[in-house]
Amino acid sequence: MAAQETQAAQQPSVSNGEVSSNGTAASGQVALTDATAEDPQQQQQQQQQQPNAWQVIKGVLFRIFIIWAISSWFRSGPSTPDPNTPAGAARLPSRNLFPKDTLMDLYVYISENEIFTDFNNTEALFWYQPDLVYGDWTTGESGDGCFERYQELDISESVKQNGSIYIHIYFTKSGFHPDPKRKGQYRRLSTVHATRMLNKYKRRKFLKTKNLLTGETEADPEMIKRAESHGPVEIISHWHPNLTINMVDDHTAWVKGSVPPPLDQHVKFDAVSGDYYPIVYFNDYWNLQKDHHPINETLQSLPLRLTYCPLSLWRWQLYAAQNARSPWNFLGEDTYEQSDDDQDSVKVALLETNPYLLGVTIVVSIVHSIFEFLAFKNDIQFWNSRQSLEGLSVRSIIFGVFQSLVVLLYILDNETNFVVQVSVFIGLLIDFWKITKVMDVRLDRENRIAGIFPRLTFKDKSTYVESSTKIYDDMAFKYLSWLLYPLFGCYAVYSLLYVEHKGWYSWVLSMLYGFLLTFGFITMTPQLFINYKMKSVAHLPWRMLTYKALNTFIDDLFAFVIKMPMMYRIGCLRDDVVFFIYLYQRWIYRVDPNRVNEFGTSGVQQSKDSPGQPAAGDTTAAITDKPEGEKKND
């Protein structure tokens, strides 16, 4: 393969704040020559997925917890025994085959074959760097032990047609050669080899949307033709011009079979001597997905900037842990691509966010996660121990189930991240569980569906029907419907006229989801109406509401500090308004021992049950004991 060599210093570079793989600022970003512009659909997706630090950090904390839990599960089992070691024999610690300050040479070959044997082909030799010192951090142009090489690679027709191209790295002790056929110049224990595919295959999905009334679409006609010929999913080879080769400066006495994951995937032991080879790590952590460009027939060459740098053990552990995917093998390649996009959000946040603001965000995110857990725990405890439904809006609980179901169907239709799908599904199950707490659910085996399946019946609990709560709840939703139905109709017409959809099913889901996202907070108001009519707030789960309110205040803080969509900021603000109304009601409706609390008991009942306390027979009756005429007057 012919290579047109140019000096790295003469190449034009555009700085975009990128960080190189060894943690230092990158000198520049190489652009593809003759590369075609990205399709409008891909650019629109990139504009819509603008990450912000607050959402990213919350996702990172959740991901860290999941990875820690799964890793702990895998680590709990015994390590895989070495078949070459006799049972019961002690495992001896090994040593690095390349001692500290070993003089070595670097050979880099570029080939279209995964297994490389053509060492005599001078055109395949991309880089030869002699007299490198293992573990040296002071040499190089910048005095950090790094060396750099840049070339324009001529590509063949097979590479243009989605073919693969590989890089083969060889580190040999000074005086040796990586070719096994050269007797006297090749030595197995003096050669370290690593191979990697340079291009990356990514799925490009074409969403065939149109206006359901006119049948027209704003999509690129060229993309429509390509989708018709290649199908809705096309696998395209992509290229990134930057790659870093790290040799880990590590001399730990590893024991074969006892290296902790995910490091065990990179430490390679020699089968004869038992010692391990130096760890060669292809570091592309800071290569963002948006910087990958498709390889097509319009390209004549591919730029490649290759950097060699030493890497410390602790930093390599961070990179290896971030790129570890072994616990997620069962999720498929689609989840891998989604995970790469999520990691891009983390990298952009680390690169573009102010360090002080990022530190504050991490601390507050931890507090936010604790509050979320406490709110979840108290919500479960509240409904699990609830004895009476007086003062609680059962219709709001039922509407919450409908809202969670719409959200789940919407994210499934739009192929959202797997972790988000799981979290929404768990939330839906909890909402279904709440239905069993606010209603009597049973199987009617007498009136079967089609004469085969038992019928599921729902009936209001007696504590809800016999109190004035049901009257107020029905009244609140009746008034609320006067506002919601016109808004719902207007939004449905707008979505049908001006928004493109995949079909009528997608239109229904997107219309319902958009409406709930915009006006869903109105469903919190029936509880305010019930509180107003009953002149009491003792029946509310105040612990859960307090934790959720604190989380909302934290969201407010970052919604106006960090760049976020305006609708998200408005959503945080409107939730605050509703909670402040709750606080105002708590202030004006003072404590009354006759009122029933969240556990279905009142202060009068507790005084009756306590020994030594006077009877409370002449006290005023609780709200549930009001005459029917007074209830109707209310």
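As a reminder, the structure under discussion sits directly above these lines.
Asker: Explain helix α11 (residues 469-498) residue by residue, including any values.
Answerer: For α11, with 30 residues, the first-to-last C-alpha span of 42 Å sits near the 44 Å given by 1.5 Å per residue. Roughly 35° is the biggest bend found in α11, and it falls at serine 481. Those residues of α11 lying buried are Thr469, Tyr472, Asp473, Ala476, Phe477, Leu480, Ser481, Leu484, Ala492, Ser495 and Leu496.

Asker: Now, about the sheet that holds strand β2 (residues 103-111): what can you tell me, with residues and values included?
Answerer: Where strands meet in a sheet, backbone hydrogen bonds hold them as pairs that are either parallel or antiparallel. Taken in spatial order, the four strands of this open sheet run β3-β2-β5-β6, and their pairing is antiparallel. In this open sheet, the two strands that pair with only one neighbour each are β3 (125-133) and β6 (191-197). Sheet twist, expressed as the mean angle between neighbouring strand axes with direction ignored, is 15°.

Asker: Tell me about the sheet that holds strand β11 (residues 293-294), and please be specific about residues and values.
Answerer: Judged by pairing direction, the sheet is antiparallel, and its three strands sit side by side in the order β7-β8-β11 without closing on themselves. The open sheet has two edge strands, β7 (200-205) and β11, and neither has a second partner. Looking at chain direction, β7 and strand β8 (residues 233-239) are connected through six bridges and run antiparallel. Within β8, the position partnered with tyrosine 201 by the bridge is serine 237.

Asker: Quick rundown of a nonpolar patch on the surface? Include the residues and the values.
Answerer: Residues Leu213, Val493, Tyr494, Leu497, Tyr498, Val499 and Trp504 make up a contiguous nonpolar surface patch of about 740 Å² in total accessible area. A per-element tally of the nonpolar patch places α11 first, with four residues. Within the secondary structure layout, tryptophan 504 lies in helix α12 (residues 504-519).

Asker: Would you mind going over unusual backbone geometry in detail, with residue names and values included?
Answerer: Positive phi, close to 60°, is recorded for aspartate 131, a residue that is not glycine. On the secondary structure map, aspartate 131 appears in strand β3. Under the relative-accessibility criterion, aspartate 131 is labelled partly exposed at 48%. Of note, the phi angle at lysine 535 is positive, near 55°, even though the residue is not glycine. On the basis of relative accessible area, lysine 535 is assigned to the partly exposed category, the value being 37%.

Calculation rules
- Residues numbered from 1 in each chain as written.
- Predicted model: local features only at pLDDT ≥ 70, side-chain atom pairs only at ≥ 80, totals over all residues.
- Heavy atoms only, no water.
- Helix = DSSP H or I, 4+ residues; strand = E, 2+ residues; numbered from the N terminus.
- Expected span 1.5 Å × (residues − 1).
- Bend = angle between axes of the 7 residues up to and from the residue.
- Buried < 20%, exposed > 50% of the residue type's maximum accessible area, 1.4 Å probe, protein only.
- Pairing = 2+ DSSP bridges.
- Axes fitted to C-alpha atoms, helices over the stretch in contact; angles between N-to-C directions.
- Patch = residues over 30% accessible without salt bridge, like charges linked within 9 Å, V, L, I, M, F, W, Y side chains within 5 Å.
- Areas by Shrake-Rupley, 256 points an atom, 1.4 Å probe, with all protein chains shown as cover.
- Salt bridge = Lys/Arg side-chain N within 4 Å of Asp/Glu carboxyl O.

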